[in-house]
Amino acid sequence: MLDVRAVVTGIGSCLPPDVVSNDDLSLVLDTTHDWIFSRTGIARRHVVRPGTSTGDLGTAAGAAALESAGRRGCDLVLLATTTPDQRCPATAPQIAARLGLAGVPAFDLAAVCSGFVYGLTVAASMIGAGTYDSVLLIGAETYSTIVDPADRGTAVLFGDGAAAVVLERGLPGTPGEVLHVELGSDGDHAGLISVPGGGSRAPHLDDDASRHFRMDGREVYVRAVAAMTRSARSVAEAVGWRPEEIDAFVGHQANARILRAVARRLGVAEERVVSQLAEVGNTAGASIPLALAWAASQGRLAKGDRVLLTAFGGGLTWGSAAMVWPGVHPVRAEGPSPG
Ligand code: COA
């Protein structure tokens, strides 16, 4: 049987045009730029205007990724998100239809901040199994619609955005190849990151406490460092990469201190750590593809580079992937058009 691999052939991104700086937040919250920046590395974040949805951002990023890959369509559309346009139906089929791909299978995948790495695993597995030849994998989020604007512990951390990659079948050794993936979860600690209401356990969204995202930041911090280190190390070892052979370490963009701590534990030099946090904050399921698109556009990723991805998020979930960077040109969509 032919040895088929999933290969990244295109990448695109879309950030909403409105930017909120730390100083802007300090006008409405008991916080300062210095507190936010020194604790997280975040200086500003992009946010949608009322009426612009995750699907709007995801459609624009998906179109950009298809353009980057030089394709008009694909066999499957996957959307990693925890802020879908509505609870039912999934957002991915509407994105597919808006991209002119009505008819192809499309579904949402909810793994919070690990969503992109989970999606990469699904896409690579389906291509490897021969089920589909090409997949459009989108990470898109609008956390500004679920954070409590009055909670300084979370409102300063998150931003909105979307990015997407196209994966196609290819032969082993092709630049862009996804070499190895590993995932994990621990639902015993689901309460550390949650939106309490709106599900079957507590369907009503009639008060702020049930509607808004909440997180135990300190506990999440400790668990994120431990799980990302363990998972990323395991993937690097599985593909036989020594720390000094890793050209780019792209961790979920939650906190610059988390990224530095994980890289230090892995033995990866600080200059190999990709951090877009200052510009976009934590964009959850969109953060890794956004960081990849940004790093590529800055010339920080070259064809053949060894890239180690790792993520951690609500669920709890985590996952890591090793891939070789392809010679693709990222396409940045100007801004979403409402659906
Ligand atoms: N501005 C000013 N002070 C703030 C603040 C803000 N925006 N947010 C919290 N504080 C205060 C707290 O109230 C607390 O005050 P107290 O000591 O009087 O109680 C103090 O700062 C320290 O809070 P703490 O939560 O311990 O800070 P921290 O150093 O742990 O940093 C986070 C907080 C959220 C930045 C950090 O825990 C973090 O990044 N956690 C992981 C988040 C994450 O990764 N999430 C996504 C995973 S998917």
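Above this text is the structure in question.
Residues numbered from 1 in each chain as written. Predicted model: local features only at pLDDT ≥ 70, side-chain atom pairs only at ≥ 80, totals over all residues. Heavy atoms only, no water.

Enquirer: I'd love a proper account of helix H8 (residues 217-238), names of residues and values included.
Expert: Between its first and last C-alpha, H8 extends 31 Å over 22 residues, near the 32 Å set by a 1.5 Å rise per residue. When we look at burial in H8, the residues that qualify are Val220, Ala224, Val225, Ala227, Met228, Thr229, Ser231, Ala232, Val235 and Ala236. Where H8 ends, the next residue or the one after it, Gly240, has phi of about 75 degrees, a positive value. (Helix = DSSP H or I, 4+ residues; strand = E, 2+ residues; numbered from the N terminus. Expected span 1.5 Å × (residues − 1). Buried < 20%, exposed > 50% of the residue type's maximum accessible area, 1.4 Å probe, protein only.)

Enquirer: Tell me about a positive patch on the surface, residues and numbers included.
Expert: A surface patch of positive charge is lined by Arg39, Arg218, Arg257, Arg260, Arg264 and Arg265. Tracing the chain through its elements places Arg265 in helix H9 (residues 256-266). Residue Arg265 is classed as partly exposed on the basis of its relative accessible area of 47%. (Patch = residues over 30% accessible without salt bridge, like charges linked within 9 Å, V, L, I, M, F, W, Y side chains within 5 Å. Areas by Shrake-Rupley, 256 points an atom, 1.4 Å probe, with all protein chains shown as cover. Salt bridge = Lys/Arg side-chain N within 4 Å of Asp/Glu carboxyl O. Lys, Arg positive; Asp, Glu negative; His and termini not counted. Charge placed at Lys NZ, Arg CZ, Asp CG, Glu CD.)

Enquirer: Kindly report on unusual backbone geometry, identifying the contributing residues and their values.
Expert: Note: most peptide bonds trans; most residues except glycine with negative phi. In this model, Cys88 is joined to Pro89 through a cis peptide bond whose omega is 5 degrees. Within the secondary structure, Pro89 sits in the loop between strand S4 (76-80) and helix H4 (92-98). Cis rather than trans, the peptide bond between Gly315 and Leu316 has omega equal to -10 degrees. Mapped onto the secondary structure, Leu316 falls in the loop between strand S12 (306-313) and strand S13 (317-324).

Enquirer: I'd like to hear about the side chain of Asp305, residue by residue, with values.
Expert: Inspection of the secondary structure assignment puts Asp305 in the loop between helix H11 (287-297) and S12. Despite being buried, Asp305 has no salt bridge partner; Arg272 is the closest side chain of opposite charge, sitting 8.2 Å away. With near-sequence residues (within four places) excluded, Asp305 lies in contact with Asp247, Arg300, Met323, Val324 and Trp325. (Contact = heavy atoms within 4.5 Å.)

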